[in-house]
Amino acid sequence: METKLSRKSKKLEAVLWSIALPGFAQLLRRHYIKGIMFIGLEFLVNVMGNLNTIIVLSFNLKIEEAIAETNYLWLMFYPCLYFYVIWDAYRDAGGGEKAFSYLPVVFSAYFVTVGVVFSPSFTIAGHLIGPLWLPILSTPVGLAVGGLIRWILLKIYMDRETEEVL
């Protein structure tokens, strides 16, 4: 018998494996074709966008070099792919059943993509943030905006359902 705790554990496991490498959670759930496809797409976009080089340079605070190494035309695909694969893994593990629960993840993908777009020129206190850190900093903003829009939509639809009952 599956408990509430084990269901939550499966969802968290799926999300964490997907964060580690998109496609791993799908392999865990024996969705081999989907998992291999996601891993292949992740490697393709990662290599073509120079993401690993960007990560190393950004962690060493060589932001200008990271910007120079970035292939923005490829890197812009990464956020939507990354967040979609995480969402797919979460949903396959039994999550995402509540109304509009996908909105925070979708808006994170949007905001991270916008972060990629503005990363070569966006500064804070005169310091470039770069193609790794600005997208990462955009994630909580996307989660918050998506959560707010989800809350508004739930309020609108719940109010309408209440009116229909009366």
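Residues numbered from 1 in each chain as written. Predicted model: local features only at pLDDT ≥ 70, side-chain atom pairs only at ≥ 80, totals over all residues. Heavy atoms only, no water.

Q: Is there a simple way to think about the packing of aromatic side chains in this case?
A: To describe a pair of aromatic rings, one takes the distance between the centres and the angle between the planes. The full count for this structure, using the stated rule, is 10 aromatic pairs. A ring pair is formed by Phe38 and Tyr84, whose centres lie 6.0 Å apart and whose planes are at 75 degrees; its orientation type is edge-to-face. Placement of Phe38 in helix α3 (residues 32-49) and of Tyr84 in helix α7 (residues 78-92) is noted, with a sequence separation of 46 residues between them. The class for Phe38 is buried, based on a relative accessible area of 5%. (Phe/Tyr/Trp six-rings, centres within 6.5 Å; stacked < 30°, edge-to-face > 60°. Helix = DSSP H or I, 4+ residues; strand = E, 2+ residues; numbered from the N terminus. Buried < 20%, exposed > 50% of the residue type's maximum accessible area, 1.4 Å probe, protein only.)

Q: I tried to follow the packing of helix α1 (residues 4-20) against α7 on my own but got confused; where do I start?
A: In the contact formed by α1 and α7, the axes pass within 8 Å of each other and the chain directions differ by 155 degrees. If you check the angle between α1 and α7, you find them roughly antiparallel. For the pair α1 and α7, the crossing hand works out as right-handed. Contacts from Lys11, Ala14, Val15, Ser18 and Ile19 of α1 reach α7 at Tyr82, Val85, Ile86, Ala89 and Tyr90. Partitioning the contact of α1 with α7 into residue classes produces eight nonpolar, one polar and one charged. (Axes fitted to C-alpha atoms, helices over the stretch in contact; angles between N-to-C directions. Parallel < 35°, antiparallel > 145°, perpendicular 65-115°, else oblique. Left-handed = near helix turned anticlockwise from the far one by under 90°. Contact = heavy atoms within 4.5 Å. Nonpolar A, V, L, I, M, F, W, Y, C, P; charged D, E, K, R; others polar.)

Q: Hey, could you run me through α7 in this one?
A: Its 15 residues give α7 an end-to-end C-alpha distance of 21 Å, which sits within 8% of 21 Å, the value for a rise of 1.5 Å per residue. The buried fraction of α7 is high, at 11 of 15 residues. Among the residues making up α7, those that are buried are Tyr78, Pro79, Leu81, Tyr82, Phe83, Val85, Ile86, Trp87, Asp88, Ala89 and Asp92. Just downstream of α7 lies Gly94, where phi reads positive at about 105 degrees. (Expected span 1.5 Å × (residues − 1).)

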